[in-house]
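Chains, contacts and geometry: an overview
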Amino acid sequence: TFRAIFVGSVQLRKGIQYMLEAWDSLELEDAELLVCGGVREDAKSVVDKYRDKDSIKFLGHVDEVPYNKADIFIFPSMEDGWGMVVTEAMASGLPTITSKNTGAEELIDNGEEGYVTPPRDTEKLAKYIKYFYDNPHEIKKMGKKARERVEEYTWKRYREKLIENYEKIQAESK
């Protein structure tokens, strides 16, 4: 079974409506979309529209995110400063499809670790989901690259870059 996973608060600003529409439009055989997270009031009517679909599983809040049960990660948020779940999914070896509004443009080179789409772009979401569905060999390849990429993002490196930037600002202000 081909599995995609979404992790986060299930709400409209996370782009859940676009992901569900894209997934449903594909009508993939032997495929599941796992949606992990509590459903917020603003998304209830959207979620209700897809609750009876066999290929979509709404898992609610989970204590342990089942990244290991998925092939790809989807995070189509319309606004996020830094979608930490993107980093977590990539660290779990999942190629990622996300919007450019998640801070992921720094993490993902299109076609290398996954794909970055414009927000609200149902067609691109569907295109990239279908790409992974049709090309399972790319999942492993891109997943490995995703893991390698996020290994660069450590607290030590963050501190070093922060200090470097402070020193640069200080030097420029003299």
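Residues numbered from 1 in each chain as written. Predicted model: local features only at pLDDT ≥ 70, side-chain atom pairs only at ≥ 80, totals over all residues. Heavy atoms only, no water.

Attention now moves to the packing of aromatic side chains. According to the stated counting rule, one finds 10 aromatic pairs in the structure shown. With centroids separated by 6.3 Å and ring planes inclined at 5°, the aromatic side chains of Phe2 and Trp23 adopt a geometry described as stacked. Here Phe2 is found in strand E1 (residues 2-7), whereas its partner Trp23 is found in helix H1 (residues 16-26), with 21 residues between them in sequence. Accessibility expressed as a relative area gives 9% for Phe2, which makes it buried. With a relative accessible area of 2%, Trp23 lands in the buried category. (Phe/Tyr/Trp six-rings, centres within 6.5 Å; stacked < 30°, edge-to-face > 60°. Helix = DSSP H or I, 4+ residues; strand = E, 2+ residues; numbered from the N terminus. Buried < 20%, exposed > 50% of the residue type's maximum accessible area, 1.4 Å probe, protein only.)

Let us look at the layout of surface pockets. Once rolled over the atoms, a probe with the size of a water molecule shows which space is left empty. Taken as a whole, the largest pocket encloses approximately 340 Å³ of empty space. In terms of lining residues, the largest pocket is bounded by Trp82, Met84, Thr87, Glu152, Tyr153, Thr154, Trp155, Arg157, Tyr158, Lys161 and Leu162. At the level of secondary structure, the elements contributing two or more residues to the lining of the largest pocket comprise helix H3 (84-91) and helix H6 (155-172). Looking at the lining of the largest pocket element by element, the count peaks at 5 residues for H6. The class makeup of the residues in the lining of the largest pocket is 6 nonpolar, 2 polar and 3 charged. (1 Å grid on protein atoms, 1.4 Å probe; cavity = no way out; pocket = protein on both sides within 12 Å on 5 of 7 lines; lining within 4 Å. Points joined across faces, edges and corners; volume = space filled by probe spheres on them. Nonpolar A, V, L, I, M, F, W, Y, C, P; charged D, E, K, R; others polar.)

Turning to the packing of H1 against helix H4 (residues 122-134), a few remarks are in order. Direction vectors running N to C along H1 and H4 enclose 50°, while the axes themselves pass 8 Å from each other. It follows from the interaxial angle that H1 and H4 lie oblique. The interaxial crossing formed by H1 with H4 has right-handed handedness. Here Tyr18, Met19, Glu21, Ala22, Trp23, Ser25 and Leu26 of H1 come into contact with H4, specifically with Thr122, Leu125, Ala126, Ile129 and Lys130. The residue makeup of the contact of H1 with H4, split by class, is 8 nonpolar, 2 polar and 2 charged. (Axes fitted to C-alpha atoms, helices over the stretch in contact; angles between N-to-C directions. Parallel < 35°, antiparallel > 145°, perpendicular 65-115°, else oblique. Left-handed = near helix turned anticlockwise from the far one by under 90°. Contact = heavy atoms within 4.5 Å.)

This brings us to H4. Along an α-helix, residues three or four apart share an orientation, since each turn contains 3.6 residues. If you check H4, its first and last C-alpha atoms are 18 Å apart, about what 13 residues at 1.5 Å a residue would give, namely 18 Å. Among the residues of H4, those classed as buried are Thr122, Leu125, Ala126, Tyr128, Ile129 and Phe132. Looking at the buried positions of H4, the neighbouring elements they touch are E1, H1, strand E4 (72-75), strand E5 (96-99), strand E6 (114-117) and helix H5 (136-150). (Expected span 1.5 Å × (residues − 1).)

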